[in-house]
Amino acid sequence: MKNKENDTRKSEKDLIQAILSLESIEESREFFEDLCTPAEFEAMADRWLVVQKLSKGLSYREIAKETGVSVTTVTRVARCLNRENSGYKKIYERVLK
């Protein structure tokens, strides 16, 4: 079991390193379209849209209605966004600059 965990951690690190090497929006889109199913890619884009709308102060129900994502997904994104070390928050604030 230890080897599987180590392999998974290395694989995750390698994937993140690959993502960090992307040089353009088009290159990034191509990579994520290859890496993810269309539904997975759409789900990630939806969650990012939820981050943006939560950051603007919209209610969970408004966001669900506007985006078509479930209130459960909005709630999960909000919970992540409000964590102390939120990756969503760090990146959203960086994108705003």
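> Sorry if this is basic, but what is going on with the overall build of the protein here?
Helix and strand counts for the protein stand at 6 helices and 0 strands. What you see in the protein, going N to C, is helices and strands ordered as α-α-α-α-α-α. The C-alpha extent of the protein, read off along each of the three principal axes, is 45 × 35 × 30 Å. Considering the protein as a whole, with its 97 residues, one finds that 18% of them fall into the buried category. Partitioning the contacts of the protein with sequence separation of at least 6, the portion at a separation of at least 24 is 32%.

> When you look at the environment of Leu96 in this model, what are you seeing that I'm missing?
Mapped onto the elements of the fold, Leu96 is located in helix H6 (residues 87–96). Placed 41 residues apart in sequence, Leu96 and Ser55 show a C-alpha to C-alpha distance of 11 Å.

> Can you help me understand the nonpolar core in this one?
Nonpolar side chains in soluble globular proteins tend to end up buried together. Core analysis: the largest hydrophobic core is formed by 11 residues, namely Val50, Val51, Leu54, Ile63, Ala64, Val69, Val74, Val77, Ala78, Leu81 and Tyr92. Contributions of two or more residues to this core are made by helix H3 (38–55), helix H4 (60–67) and helix H5 (71–81). Per-element tally for this core: the top contributor is H5, with 4 residues. Other than its neighbours up to four places away in sequence, Val51 contacts Val77, Leu81, Tyr88 and Tyr92.

> How should I be thinking about the packing of aromatic side chains in this particular structure?
The description of an aromatic ring pair rests on the distance of the ring centres and on the angle between the ring planes. Scanning all chains against the criterion turns up 3 aromatic pairs. Centroid distance Phe31 to Phe32: 5.7 Å. Interplanar angle 85°. Geometry classified as edge-to-face. For Phe32, a relative accessible area of 18% translates into the label buried. The rings of Phe31, Phe32 and Phe41 are connected pair by pair, giving a single aromatic cluster.

> I'm lost on the packing of H4 against H5 in this one. Help?
Relative orientation and spacing of two packed helices are given, respectively, by the angle between their axes and the distance between those axes. At a minimum axis distance of 9 Å, the contact between H4 and H5 shows a crossing angle of 120°. Viewed along their axes, H4 and H5 adopt a mutual orientation that is oblique. In this structure, the crossing between H4 and H5 has a hand that is right-handed. For the pair H4 and H5, contact is made by Tyr60, Arg61, Ile63 and Ala64 and by Val71, Val74, Thr75 and Ala78, respectively. Of the residues that constitute the contact of H4 with H5, the class distribution is 6 nonpolar, 1 polar and 1 charged.

Reading guide: rules and limits
- Residues numbered from 1 in each chain as written.
- Predicted model: local features only at pLDDT ≥ 70, side-chain atom pairs only at ≥ 80, totals over all residues.
- Heavy atoms only, no water.
- Helix = DSSP H or I, 4+ residues; strand = E, 2+ residues; numbered from the N terminus.
- Buried < 20%, exposed > 50% of the residue type's maximum accessible area, 1.4 Å probe, protein only.
- Contact = heavy atoms within 4.5 Å.
- Core = buried A, V, L, I, M, F, W, Y, C linked by side-chain atoms within 4.5 Å.
- Phe/Tyr/Trp six-rings, centres within 6.5 Å; stacked < 30°, edge-to-face > 60°.
- Axes fitted to C-alpha atoms, helices over the stretch in contact; angles between N-to-C directions.
- Parallel < 35°, antiparallel > 145°, perpendicular 65-115°, else oblique.
- Left-handed = near helix turned anticlockwise from the far one by under 90°.
- Nonpolar A, V, L, I, M, F, W, Y, C, P; charged D, E, K, R; others polar.

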